[in-house]
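# Observations on the model geometry
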Amino acid sequence: MAMATGTLTIDLNAVAANWRSLDSATSAQTAAVVKADGYGLGAAEMATTLARAGAQSFFVATAEEGALVRTALGPIPDIFVFSGHMAGDTAAIRDLKLTPLLNSIEQMTRHFEALQGYRFGIQLDTGMNRLGLEPAEWDAARSIILPQNPALVMSHLACADEPDHEMNAAQLKTFRAMTDGIDAPRSLAATGGILLGPAYHFDLTRPGVGLYGGLPFDAAQPVVSLSLPVIQIRTLHPGETVGYGGSWTAPHAARIATVSGGYADGLLRAIGNGGLLFHQGRPCAIAGRVSMDLIGVDVTHLPSAPEVLDILGPDQTIDDLAEAGGTIGYEILTSLGARYKRDYLEGAA
Ligand SMILES: *Cc1c(COP(=O)(O)O)cnc(C)c1O
């Protein structure tokens, strides 16, 4: 490959396998969250792969994302919109058969005035204080809402990636108090909630990050790998420095490979000095700061000049890289830039 663009390889079989494995962990229906361009991996490709694996319901953040997913999936699957029914969304919701998750009395009023009889769901706040009706609002509104047959009543857990966090049980208790006895299907669990056990599963689960190989689903198959081409290799004398600010100094004669990829591609600047790339399984440390488009890597110990170095793959997961950058796998995934060549692997499975 004689290009200066990194290659992001996305294993569609692994995405499908992760969906099936989270699906078999519950007796609920398993949906798929494909917001934020399918966690940075391509909303259309993720949605079609997950539909083929068996997902029948999809979740996006906004109506605009819903439009793209509707085009990819055709008319049948349910597409739920977390942000609900915003002013200006009415035509898209109607024409594309999106299901808004109404978050407030204001959104309910908007939806019932503009699209009476059209599908909707309800989002409840059980303690995260981000989206949804508060318990008192729900008490006041439920006798009006429930006869209109919401397609889903859902809430979201704030601390599901920490199984021992007391907030999980508290939110579960609040959710049950708000919804026990209703006829509408209920949903509380994302990836973390699935792993908390059956009490959290209800009728439908909404995994996102676990499908794409991220924690807290530690049994996930890895989905992404990212190889960066080496543009140039140079030899440094002891005492010479690398990159902006001269923050890495050669302790002895060193060979530095400059690879194509930088913080504009989602390789966070915080990963710099000490972060790792790999050559055929051998770790190679980043030398100096990550630039916008380039990273210097110490390859002194390699027996031959590498043509590419891997920053994501079997040797370094999205969560390993996240840890090196002081963040979470979700942010690494969704930051991966548009500049890579995306290779979708589709095997026989
Ligand atoms: C993003 C999101 C999900 C998916 O969460 P993961 O942790 O990625 O599985 C589910 N529900 C809501 C409300 C979300 O915002």
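Residues numbered from 1 in each chain as written. Predicted model: local features only at pLDDT ≥ 70, side-chain atom pairs only at ≥ 80, totals over all residues. Heavy atoms only, no water.

## Focus on the sheet that holds strand β8 (residues 153-154)
The test is simple: Any two strands between which DSSP finds at least two bridges are classified as paired. The helix count covers DSSP runs of H or I at least four residues long, the strand count covers runs of E at least two residues long, and both are numbered beginning at the N terminus.
Sheet architecture is open: seven strands sit in the order β3-β4-β5-β6-β7-β8-β9, paired in parallel fashion. Only two strands of the sheet have a single neighbouring strand rather than two, namely β3 (32-33) and β9 (186-187). As paired elements, strand β6 (residues 99-102) and strand β7 (residues 121-123) share two bridges and run parallel to each other. Looking at the pairing, L102 lines up with I122 of β7.

## Some points on the environment of D11
This is how it is decided: Accessible area is worked out with a 1.4 Å probe on protein chains only. A residue is then buried under 20% of its type maximum, exposed over 50%, and partly exposed in between.
With respect to the helices and strands, the residue D11 is situated in strand β1 (residues 7-11). You can call D11 partly exposed: its relative accessible area is 22%. In the structure, D11 is positioned 211 residues away from P222 in sequence and 8.0 Å away in space, judged by C-alpha atoms.

## Brief notes about the domain arrangement of the protein chain
This is how it is decided: Note that the domain bounds reflect an automated or database-derived domain assignment. Here the quantity called buried area is the total loss of accessible area, with a 1.4 Å probe, experienced by two parts when brought into contact, counted for both. Between Lys or Arg on one side and Asp or Glu on the other, a salt bridge is scored when a side-chain nitrogen of the former is within 4 Å of a carboxyl oxygen of the latter.
Its domain assignment divides the protein chain into domain 1 (12-212) and domain 2 (224-345). Carbon and sulfur atoms make up 64% of the area that domain 1 and domain 2 hide from each other, which totals about 900 Å². The largest share of the area that domain 1 buries against domain 2 comes from Y39, L41 and V209, three residues that together contribute 46% of it. The tally of links from domain 1 across to domain 2 stands at one salt bridge. Between D37 and R342 there is a salt bridge, with the nearest N and O atoms lying 3.4 Å from each other. Contributions of two or more residues to the side of domain 1 that touches domain 2 are made by α1 (12-24), α2 (35-39) and α3 (43-53). The element contributing the most residues to the side of domain 1 that touches domain 2 is α2, with three residues.

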